[in-house]
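What follows is each chain in one-letter form.
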Amino acid sequence: MPYLISLVQSAYASSAPITEPSAIPSKWAFWPFNSGVTGDWETSLATYAFSFVILAAICLFLRLLYGPKGIWRDKEMDREAEELRRREHAHLDAELRSGRISKQLYELKKRSIDR
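Source: prediction; values computed, not measured.

## Observations concerning the overall build of the protein
A count of helical and extended segments in the protein gives 4 helices and 0 strands. Starting at the N terminus, the α and β elements of the protein follow one another as α-α-α-α. Looking at the protein as a whole, 12% of its 115 residues qualify as buried. When contacts within the protein are restricted to residue pairs at least 6 apart in sequence, long-range pairs at least 24 apart make up 12% of them. Accessible surface, the protein: about 10100 Å² in total, of which carbon and sulfur atoms supply 65%.

## Considerations on the side chain of glutamate 95
Position of glutamate 95 among the secondary structure elements: in helix H3 (residues 75–98). One buried charged side chain, glutamate 95, makes no salt bridge at all; its nearest oppositely charged neighbour is lysine 109, positioned 4.3 Å away. Here glutamate 95 is in contact with Arg100, Ile101 and Lys109, once residues within four sequence places are set aside.

## Some thoughts on the pattern of salt bridges
With the rule as written, the count across this model stands at 6 salt bridges. Residues glutamate 107 and lysine 103 are paired through a salt bridge, measuring 3.7 Å at the closest nitrogen-oxygen approach. Taken together, the residues span about one helical turn, with glutamate 107 and lysine 103 both in helix H4 (residues 103–114) at a distance of 4 residues.

## Focus: the environment of glycine 67
One can find glycine 67 in the loop between helix H2 (41–66) and H3. Aside from chain neighbours lying at most four places away, what touches glycine 67 is Leu62 and Arg73.

## Overview of the packing of H3 against H4
Running from N to C, H3 and H4 cross one another at 180 degrees; their axes reach a closest spacing of 11 Å. When the interaxial angle is binned, H3 and H4 end up roughly antiparallel. Seen from H3, the contacting residues are Arg85, Glu88, His89, Leu92, Asp93, Glu95 and Leu96; seen from H4, they are Lys103, Tyr106, Lys109, Lys110, Ile113 and Asp114. Counted by class, the contact of H3 with H4 contains 4 nonpolar, 1 polar and 8 charged residues.

## Quick word on unusual backbone geometry
Phi is positive for lysine 69, close to 65 degrees, though the residue is something other than glycine. Relative to the helices and strands, lysine 69 is located in the loop between H2 and H3.

## Focus: the confidence of the model for the protein
Looking at the protein as a whole, its pLDDT mean stands at 79, while 66% of the residues score no less than 70. Mean pLDDT values for the elements of the protein range from 56 in helix H1 (residues 2–13) up to 91 in H4.

What counts as what
Residues numbered from 1 in each chain as written. Predicted model: local features only at pLDDT ≥ 70, side-chain atom pairs only at ≥ 80, totals over all residues. Heavy atoms only, no water. Helix = DSSP H or I, 4+ residues; strand = E, 2+ residues; numbered from the N terminus. Buried < 20%, exposed > 50% of the residue type's maximum accessible area, 1.4 Å probe, protein only. Contact = heavy atoms within 4.5 Å. Areas by Shrake-Rupley, 256 points an atom, 1.4 Å probe, with all protein chains shown as cover. Lys, Arg positive; Asp, Glu negative; His and termini not counted. Salt bridge = Lys/Arg side-chain N within 4 Å of Asp/Glu carboxyl O. Axes fitted to C-alpha atoms, helices over the stretch in contact; angles between N-to-C directions. Parallel < 35°, antiparallel > 145°, perpendicular 65-115°, else oblique. Nonpolar A, V, L, I, M, F, W, Y, C, P; charged D, E, K, R; others polar. pLDDT = per-residue confidence, 0-100.

Okay, structure coming up:
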């Protein structure tokens, strides 16, 4: 213990500046979520960018799992959508045959249904 005390006293007695990386305070010490007291625009921008990247990764991951053709997507949802699409096509074909809509409007509506 006396050795440790003499070591600390000799360190404080020297006039050399402390240059260890851990001893120099840094604005990036609490990154990515700084304390909000000493942060400037760079740390705030980095915090927002980091948060955006994390949220975007979560959204893409969920889209891959549950989105169209996703591996955990309920197949019943796809079946209902296909059935609705077939009914809309039949209604659109009937309107074209009866002459209520033009061929151009038919093609436009057909493309919007198929999306």
